[in-house]
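# A closer look at the structure
What follows is each chain in one-letter form.
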Amino acid sequence: MSIEESLPPGLSARPLTIADARAVYQVMADLERAEIGSADIEEADIVADWQRPSVDVPAVTLGVFAGDRMVGYAEAARDGRCDAAVHPDWHGRGIGTALARWMQHRSRELGARTVGMPVPQGGTGDRLLEALGYHVAWTSWVLRLPEGAQIEPRSLPEGQDVRAARAEEYRAVHQVVDEAFLEWADREPQTFEDFEAGVLHRPGFEPWQVRVVVGPDGVVGAAVLVMARDEDGAPVEGYVDKLAVRRDQRGQGLAQALLVDAFALAREHGAPAVGLATDSRTGALSLYEKVGMVVTQTWVHRAIGLA
């Protein structure tokens, strides 16, 4: 059965291109407002993801339309890490179920053994995927530092310093981040070209947003700060998108030093809020709570095996 045959009458479906990023953002933002009370997604997030060399947008995406208006979207993946959204005005019509089935089918074609996606805990997506047999693979938390609160600074070992990364250090930043994430994430190593496209070429990126701890033998810790902005371009949050310390340098306060540095810079650049996200695979939740951060959202990654 084709995707159109499983959709309500009058709707159509087609693969997407990067020119559709704005429409996808609008669907996802409206869904987030309905589910969690605010739109945390940015169009820049979608553009940064889709412009990575490893992503063939038309081959892995599908949009559902009522006339010219996008009402649903899904994205498959070879590694099984997918995404989808249905506009809240169109819930309860079978669109989400059709997109979930398409994601499974397309991801299987791409070679995935499992398929899954993050959804707000207890929301419509969580309930739908549970009804379709998806299990909770891990839990994620969004944390923020209360307004006015400060993280107690940590001194660094002698000979180490926190500063903006230099262009010639970007490959070392990528290596530190990717090696740390691969310790708990079930995925293939990320290429530098994908890192470059998703971080350094993200719309709105500025060099000061890549922070490093540098010692006598080079980069030993790194943080990537994203300045989230509203529709008018005003900063609303400084978000630590990536935080990693080289394995042999852990336990010395480097991660906390990077957080202090990143959050202070975000505030200096006008962000009224600062935060980050972590999940149950990392074991880092208690670390962030100990420095005064509080959980503001809980998400679950629901997944299902592909026969």
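Preceding this paragraph is the structure being described.
First, a word on what this report is: a plain description of the structure on this page. (Residues numbered from 1 in each chain as written. Predicted model: local features only at pLDDT ≥ 70, side-chain atom pairs only at ≥ 80, totals over all residues. Heavy atoms only, no water.)

Time to look at the nonpolar core. In this structure, V240, L259, F263, L276, Y288 and M293 are the most contacted members of the largest nonpolar core, which totals 30 residues. Those elements giving two or more residues to this core turn out to be β6 (135-145), β9 (218-229), β10 (235-245), α8 (254-268), β11 (274-279) and α9 (285-290). For this core, the element with the most residues is α8, which contributes eight residues. When neighbours within four sequence positions are excluded, Y288 is seen to be in contact with L143, L243, L259, L276, T278 and M293. (Core = buried A, V, L, I, M, F, W, Y, C linked by side-chain atoms within 4.5 Å. Buried < 20%, exposed > 50% of the residue type's maximum accessible area, 1.4 Å probe, protein only. Helix = DSSP H or I, 4+ residues; strand = E, 2+ residues; numbered from the N terminus. Contact = heavy atoms within 4.5 Å.)

So, about the packing of helix α6 (residues 170-181) against helix α7 (residues 192-200). Where α6 contacts α7, the two axes come as close as 10 Å, and the packing angle between them is 100°. Between α6 and α7, the interaxial angle falls into the category roughly perpendicular. Mapping the contact onto sequence places Y170, R171, V173 and H174 in α6 and F192, E193, F195 and L200 in α7. Residue composition of the contact of α6 with α7, grouped by class: five nonpolar, one polar and two charged. (Axes fitted to C-alpha atoms, helices over the stretch in contact; angles between N-to-C directions. Parallel < 35°, antiparallel > 145°, perpendicular 65-115°, else oblique. Nonpolar A, V, L, I, M, F, W, Y, C, P; charged D, E, K, R; others polar.)

Taken in spatial order, the eight strands make up an open sheet running β5-β12-β6-β11-β10-β9-β8-β7, and their pairing is mixed. At either margin of the open sheet sits one strand with a lone partner, and together these are β5 (114-120) and β7 (161-164). When strand polarity is set aside, the average angle formed by the axes of neighbouring strands in this sheet is 25°. With nine bridges connecting them, β9 and β10 associate as antiparallel partners. Opposite L225, over in β10, you have V240 as the bridge partner. In the packing of α6 onto the sheet, contacts are made with β8 (210-215), β9 and β10, and the angle to β9 comes to roughly 90°. Here α8 sits on the sheet in contact with β6, β7, β8, β9, β10 and β11, set at roughly 160° to β10. (Pairing = 2+ DSSP bridges.)

Ordered by their spatial adjacency, four strands build an open sheet running β1-β2-β3-β4, and the pairing between neighbours is antiparallel. Strand pairing shows two members of the sheet lacking a second neighbour, β1 (12-14) and β4 (83-86), which therefore form its edges. Within this sheet the neighbouring strands show an average axis-to-axis angle of 25°, counted without direction. Sheet analysis places strand β3 (residues 69-75) next to β4, joined by four bridges and oriented antiparallel. Bridge assignment links Y73 to a residue of β4, and that residue is A85.

The next thing to look at is the environment of E289. Relative to the helices and strands, E289 is located in helix α9. The spacing of E289 and L145 is 144 residues in sequence and 9.3 Å in space, taken between C-alpha atoms. The residues touching E289, leaving out its near neighbours within four places in the chain, are L143 and V295.

Considering all chains together, one arrives at 22 salt bridges under this definition. Salt-bridge contacts for R247 lead to E183; the nearest nitrogen and oxygen are separated by 3.6 Å. Highlighted residues: R247 in the loop between β10 and α8 and E183 in the loop between α6 and α7, separated in sequence by 64 residues. We note a salt bridge from R246 to D217, for which the minimum N-O separation is 2.7 Å. Here R246 is found in the loop between β10 and α8, whereas its partner D217 is found in the loop between β8 and β9, with 29 residues between them in sequence. Since its relative accessible area comes to 22%, R246 is described here as partly exposed. (Salt bridge = Lys/Arg side-chain N within 4 Å of Asp/Glu carboxyl O.)

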